[in-house]
Amino acid sequence: MIFQCFQKYRYLTSAFDRPSFKEMSADIEKGLVKTVIVKDLSRFGRNYIEVGSYSEIIYPEAGVRFIAIMDNVDTGSLESNEFAAFTNLFNEWYPKSTSKKVKEVKKAKGLAGEHLGAPPYGYLRNPDDKTRWLVDEEAAAVVRRIFSLCMQGKGISAIADTLWGDKVLTPSAYKASKGLAAPIVSENPYNWESTTVALILENVAYIGVTENFKSTRLGFKSKKRIPTAKEMRTYIENAHTPLIDRELWDKVQMIRANKRRPTKNGATSIFTGLLECADCGTKLSLRSSKSYLYFRCSKYKGNSRSGVCTQHYVREDVLYQLVLKQLQHFLSYLQQFERVFIRQQIDTTLAERRYELSAKQKQIEKDEKRMEELDRLFRKIYEDNVNGKLNDERFYKLSDGYEAEQEQLKQEIEALKAEVSEADTEATNVSKLIAVTKKYTRIDELTPEILNTFVDKIVVHECEKKDGKRTQDIDIYYSYVGIVDIPTDEEMREMEREYGKRTKRQTA
């Protein structure tokens with residue numbers, strides 16, 4: 001009987017929650033097993049607390065004899081190894097050490113930009129290199145559609161309903177249909193959940209960024225994983241082919257951050273989240289009266305006596321007509337005077353920053369020259385120290401001072417270069433805006449997609465009364481370029497003629 005029990009369970013050694021161990025425990029409870037024999041304690045388990053609990057408490061109380069042959073452990077003998085507890089402790093140390101080494105290897109791979117997890121919906125593993133991803137065009141088209149629907153003003157629930165209605169397979173159902181490993185698929189393969197849509201819209205993988213170390217285990221004994229803080233994760237740019245461009249991604253994140261919550265009577269507005277108070281900088285909240293919608297500063301408490309900002313009141317229908325008219329004028333302006341607009345934007349930017357950039361460039365040159373000088377000084381004091389001209393105490397004091405100054409200069413140079421390089425992006429931003437405008441020949445109405453494409457924010461000033469008339473300034477910040485002072489048609493024609501003359505002089 002002992003030999004049969006040993007044969008039956010001898011291959012069942014690992015964690016204590018394994019099915020075969022549970023089967024043996026059930027047989028013990030039924031009284032079918034009187035002796036448990038293992039080759040050594042490590043084959044029984046590597047958790048020293050649980051091994052000790054079974055061998056010293058659970059089995060003896062159940063009348064079961066426990067034998068570990070190689071470790072000379074026999075609970076039925078007085079000559080049993082008294083140092084078994086130490087053996088169990090060393091047995092646990094091995095998987096703990098192995099776990100640590102595995103973590104270090106994964107950490108090195110993650111920092112090198114390798115993908116540590118399975119590819120998200122829209123990607124497939126490269127069969128030639130399992131650490132790389134390939135675009136799955138069929139699924140990628142759905143991902144792009146989800147981002148497009150968000151740009152059109154649809155919330156995650158509305159997007160899920162749209163996909164469900166169009167009978168688009170969920171990510172799990174899609175993977176299962178392709179014969180890939182997938183989580184449990186619901187009975188309805190088109191049952192898109194809002195949480196699934198939200199996870200796709202928030203996944204940085206779709207802009208070509210690998211996010212590693214998103215979760216960690218509590219310890220090598222626990223299988224439970226807990227999410228890590230954002231600052232503890234590693235982000236590798238350009239790790240794979242993006243499905244979404246960065247501009248669209250940023251727009252969608254802004255939309256997601258400013259969700260369009262309805263008023264008490266269920267009304268919503270396409271402007272929600274875009275309006276900002278000119279005085280306190282907070283968002284304007286949507287309100288409703290009996291016959292119309294309006295916005296006011298979120299910090300305004302209902303009366304001026306509170307002293308917390310002022311109303312910055314603006315009606316939604318009036319704002320709609322104003323923004324529509326401005327966008328129509330802006331689009332017409334770009335279509336007719338594209339070349340002038342580009343030149344004007346670049347000239348304005350350079351005129352405002354020319355002196356500032358020149359000063360920063362000079363400072364960079366000065367700092368770099370000082371860095372070279374510090375290198376020479378460091379070599380000199382090193383040679384003096386070796387030759388005995390400078391004692392160790394003085395050497396360390398000077399070298400520490402030089403190294404601290406070099407580190408400070410290095411950080412300053414990096415910061416200045418980053419600021420200078422920003423100027424190089426101005427022309428690129430203008431080009432991006434021009435590319436966006438070419439998608440539209442005219443704008444007859446405002447839609448969430450048009451508004452989110454052209455406008456970053458709208459700053460609302462408080463109303464003022466001048467000469468008995470109520471006036472209010474509203475600033476529209478256009479995508480990529482900010483506020484644009486749109487000249488009149490006559491002013492534009494004059495600028496066109498002026499730039500034409502300048503071009504002739506330059507080419508003459």
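Here, the structure is the one placed above.
As the structure is a computational prediction, the values presented were derived from the model and not from experiment.

**Some remarks on the overall build of the protein chain**
Then step 1. For the protein chain, the count of helices and strands is 15 helices and 17 strands.
Then step 2. Per-residue burial for the protein chain yields a buried fraction of 37% across its 508 residues.
Then step 3. In the protein chain, the share of contacts with a sequence separation of at least 24, taken over all contacts with a separation of at least 6, comes to 59%.
Then step 4. Of the roughly 31400 Å² that the protein chain leaves accessible, carbon and sulfur atoms contribute 51%.

**Quick word on the sheet that holds strand S12 (residues 293-297)**
Then step 1. Ordered in space as S11-S12-S13, the three strands form an open sheet in which the pairing is antiparallel. Across the chains shown, the open sheet's two edge strands, defined by having one partner strand only, are strand S11 (284-288) and strand S13 (314-315).
Then step 2. Pairing analysis gives five bridges linking S11 to S12, with the strands arranged antiparallel. The residue of S12 that forms the bridge with leucine 286 is phenylalanine 295.

**Notes on unusual backbone geometry**
Then step 1. The residue lysine 167 is not glycine, and still its phi comes out positive at about 55 degrees.
Then step 2. With respect to the helices and strands, lysine 167 occurs in the loop between helix H7 (156-165) and helix H8 (171-177).
Then step 3. With phi around 55 degrees, asparagine 238 is a residue other than glycine that occupies positive phi space.
Then step 4. Within the secondary structure layout, asparagine 238 lies in the loop between strand S9 (234-236) and helix H10 (246-257).
Then step 5. The class of asparagine 238 is exposed, set by a relative accessible area of 70%.

**Examining the packing of aromatic side chains**
When we look at a pair of aromatic rings, we describe it by the centre distance and by the angle of the planes.
Then step 1. Inspection of every chain in the model, using the stated rule, returns twelve aromatic pairs.
Then step 2. In this structure an aromatic cluster arises from ring pairing among Tyr123, Trp133, Phe147, Tyr206 and Trp249.
Then step 3. When the ring centre of tyrosine 292 is taken as origin, the NZ or CZ atom of arginine 315, which lies over that ring, is 4.0 Å away.
Then step 4. Lying over the aromatic face of tyrosine 477, lysine 457 brings its terminal NZ or CZ to 4.7 Å of the ring centre.

**Regarding the nonpolar core**
Then step 1. Counting residues in hydrophobic clusters, the biggest one holds 44 residues, and the most contacted among them are Phe271, Val323, Leu327, Phe330, Phe341, Leu446 and Phe454.
Then step 2. No other element matches the eight residues that helix H11 (residues 316-336) contributes to this core.
Then step 3. If near-sequence neighbours (up to four positions away) are discounted, phenylalanine 454 is found in contact with Leu327, Phe330, Leu331, Val436, Thr437, Tyr440, Ile443, Tyr477, Tyr478 and Ser479.
Then step 4. In this structure, Ile159, Leu163, Trp192 and Ile207 belong to the second largest nonpolar core, which totals 31 residues.

**Considerations on the side chain of arginine 256**
Then step 1. Relative to the elements of secondary structure, arginine 256 occurs in helix H10.
Then step 2. In this structure arginine 256 touches Cys150, Ile156, Ala198, Leu201 and Glu202, once residues within four positions along its chain are discounted.

**Concerning the sheet that holds strand S17 (residues 474-478)**
Through backbone hydrogen bonds, the strands of a sheet pair up, either in parallel or in antiparallel fashion.
Then step 1. As summarised here, the arrangement of the three strands in space is S10-S14-S17, forming an open sheet in which the pairing is mixed. Each edge of the open sheet is held by one strand with a lone partner, namely strand S10 (275-277) and S17. Strand after strand, the sheet turns through a mean of 25 degrees between neighbouring axes, direction not considered.
Then step 2. As paired strands, strand S14 (residues 455-460) and S17 are joined by five bridges and run antiparallel to one another. By the bridge assignment for S17, lysine 457 is matched with tyrosine 477.

**Looking at the side chain of threonine 437**
Then step 1. Along the chain, threonine 437 falls in helix H13 (residues 392-437).
Then step 2. The class for threonine 437 is buried, based on a relative accessible area of 6%.
Then step 3. Residues within four places of threonine 437 in sequence aside, it is in contact with Leu331, Leu334 and Phe454.

**Observations concerning the environment of tyrosine 121**
Then step 1. Note on placement: tyrosine 121 falls in the loop between helix H5 (84-111) and strand S4 (123-126).
Then step 2. Placed 84 residues apart in sequence, tyrosine 121 and alanine 205 show a C-alpha to C-alpha distance of 9.9 Å.
Then step 3. For tyrosine 121, the residues in contact, after removing those within four places along its chain, are Ala139, Val142, Val143, Leu169, Pro171, Tyr174, Trp192, Ile200 and Tyr206.

Calculation criteria
Residues numbered from 1 in each chain as written. Predicted model: local features only at pLDDT ≥ 70, side-chain atom pairs only at ≥ 80, totals over all residues. Heavy atoms only, no water. Helix = DSSP H or I, 4+ residues; strand = E, 2+ residues; numbered from the N terminus. Buried < 20%, exposed > 50% of the residue type's maximum accessible area, 1.4 Å probe, protein only. Contact = heavy atoms within 4.5 Å. Areas by Shrake-Rupley, 256 points an atom, 1.4 Å probe, with all protein chains shown as cover. Pairing = 2+ DSSP bridges. Phe/Tyr/Trp six-rings, centres within 6.5 Å; stacked < 30°, edge-to-face > 60°. Lys NZ or Arg CZ within 6 Å of the ring centre and 35° of its normal. Core = buried A, V, L, I, M, F, W, Y, C linked by side-chain atoms within 4.5 Å. Axes fitted to C-alpha atoms, helices over the stretch in contact; angles between N-to-C directions.

Geometric descriptors of this kind do not, in isolation, establish any biological role.
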